[in-house]
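# Topology and contacts: notes
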Amino acid sequence: MSPKASASGSDRKAKKSGPTMAERADPHVLYEEAVQCAEAEIDFVDETFIELRGRQAKWLREDFCGTGNSACEWVRRRRSNHAIGVDLDAEVQQWGREHHIAGLGPASKRIELLKANVLKVDCAPVDVVLAMNFSYWIFKDRKLLRRYFRTVHKGLGPDGLFMLDAYGGSDAHQEMTEKTVHDTFNYVWDQERYDPISGDFLCHIDFTFPDGSRIKRAFTYDWRLWSLPEIREILLEAGFKRVTVYWEGTEEESGEGNGEYTPAEHGEADTAFIVYIVAEKQ
């Protein structure tokens with residue numbers, strides 16, 4: 001969904017002296033600073049593929065790629081790396097071409113952004129398919145999610161890996177907002193509605209600024225909140241041979257996550273957690 005800004009009362013007052021901070025801000029830049037860490041994501045991809053397959057991956061497909069930030073980070077790593085980004089939003093992809101791919105230099109020849117449906121995408125087999133930031137939760141029906149997973153399975157090479165993430169914990173079932181303070185803006189995660197019967201999960205991202213202006217509902221997500229057992233079961237039904245959850249470790253002093261993810265068969269009843277999931281084709 002394309003980001004959009006709304007002017008509050010404070011915004012209108014600020015217009016007398018020039019554009020507000022919200023009006024000057026680029027929601028895609030804010031999102032990538034507040035939500036996405038492509039470097040850490042690709043570190044996990046690289047290290048995990050080598051650990052499981054004993055070689056470096058070369059071809060990566062980023063589903064629901066948006067601006068293609070992770071795909072760009074992939075081709076920056078090595079001259080042997082190639083990436084394909086798949087998304088239905090041509091406008092967001094164009095932003096990625098102008099702000100990410102244009103700065104890659106010669107490496108830009110090793111990345112392609114496709115405007116295509118991830119359920120139907122047809123391209124050469126790759127080593128890794130990514131579906132991060134819970135993007136696949138857009139598929140609310142079990143059969144539809146299994147169909148997507150089967151499309152991924154088909155699009156992988158013989159020893160390919162499918163890597164995705166998931167969010168859970170008791171906070172995920174609450175209708176709540178959470179604010180994170182950054183240097184020049186605040187990131188607000190708004191879980192507007194959760195239906196425990198259907199699993200429907202409606203969320204938004206807002207950005208607020210020191211001058212009182214805000215970008216309300218810069219991004220909106222109409223998802224189903226899938227559980228880890230459900231995701232693992234459907235991946236196996238789709239043909240993957242093994243599915244492993246990678247759980248984040250904690251700092252001894254603070255108890256906060258340390259950014260290190262390791263295979264786990266059992267987790268902790270945290271209020272909120274994010275995990276990686278790795279599905280092996282064979």
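Residues numbered from 1 in each chain as written. Predicted model: local features only at pLDDT ≥ 70, side-chain atom pairs only at ≥ 80, totals over all residues. Heavy atoms only, no water.

## A closer look at the environment of arginine 142
Relative to the assigned elements, arginine 142 resides in helix α7 (residues 142–155). The class of arginine 142 is partly exposed, set by a relative accessible area of 28%. Along the primary structure arginine 142 and tryptophan 226 are separated by 84 residues, whereas in three dimensions their C-alpha atoms are 9.7 Å apart. With near-sequence residues (within four places) excluded, arginine 142 lies in contact with Arg224, Trp226, Glu233, Ile234 and Glu237. (Helix = DSSP H or I, 4+ residues; strand = E, 2+ residues; numbered from the N terminus. Buried < 20%, exposed > 50% of the residue type's maximum accessible area, 1.4 Å probe, protein only. Contact = heavy atoms within 4.5 Å.)

## Section: unusual backbone geometry
Residues other than glycine seldom take positive phi values, yet asparagine 133 does so here, at roughly 60 degrees. For asparagine 133, the position within the fold is in the loop between β4 (126–131) and α7. Under the relative-accessibility criterion, asparagine 133 is labelled partly exposed at 22%. Even without glycine at this site, arginine 217 takes up a positive phi of about 50 degrees. Topologically, arginine 217 is positioned in strand β9 (residues 214–224). Overall, the relative accessible area of 32% leaves arginine 217 in the partly exposed class.

## Here's the deal with helix α6 (residues 90–99)
Note: α-helices contain 3.6 residues per turn, so residues at a spacing of three or four share the same orientation. Taken as a whole, α6 has its buried residues at Val92, Gln93, Trp95 and Gly96. Down the axis of α6, the sector holding all buried residues measures 155 degrees, keeping them to one side. Away from its buried face, by an angle of more than 90 degrees, α6 presents the exposed residues Glu91 and Glu98. For α6, the elements touching its buried residues are α3 (27–34), β2 (82–87) and β3 (111–115). Of the residues that open α6, the one with a side-chain oxygen 3.1 Å from the backbone nitrogen of glutamate 91 is aspartate 89. (Arc of directions from axis to C-beta. Polar contact = N/O pair within 3.5 Å; in protein donor to acceptor, adjacent residues only side chain to side chain.)

## Considering the nonpolar core
By size, the foremost hydrophobic cluster in this structure holds 56 residues, and its most contacted members are Tyr136, Trp137, Tyr148, Phe149 and Phe162. Ranked by size, the runner-up nonpolar core spans 25 residues in total, among them Val45, Leu60, Ala71 and Tyr246. (Core = buried A, V, L, I, M, F, W, Y, C linked by side-chain atoms within 4.5 Å.)

Note that all results are geometric; they support no functional claim without further evidence.
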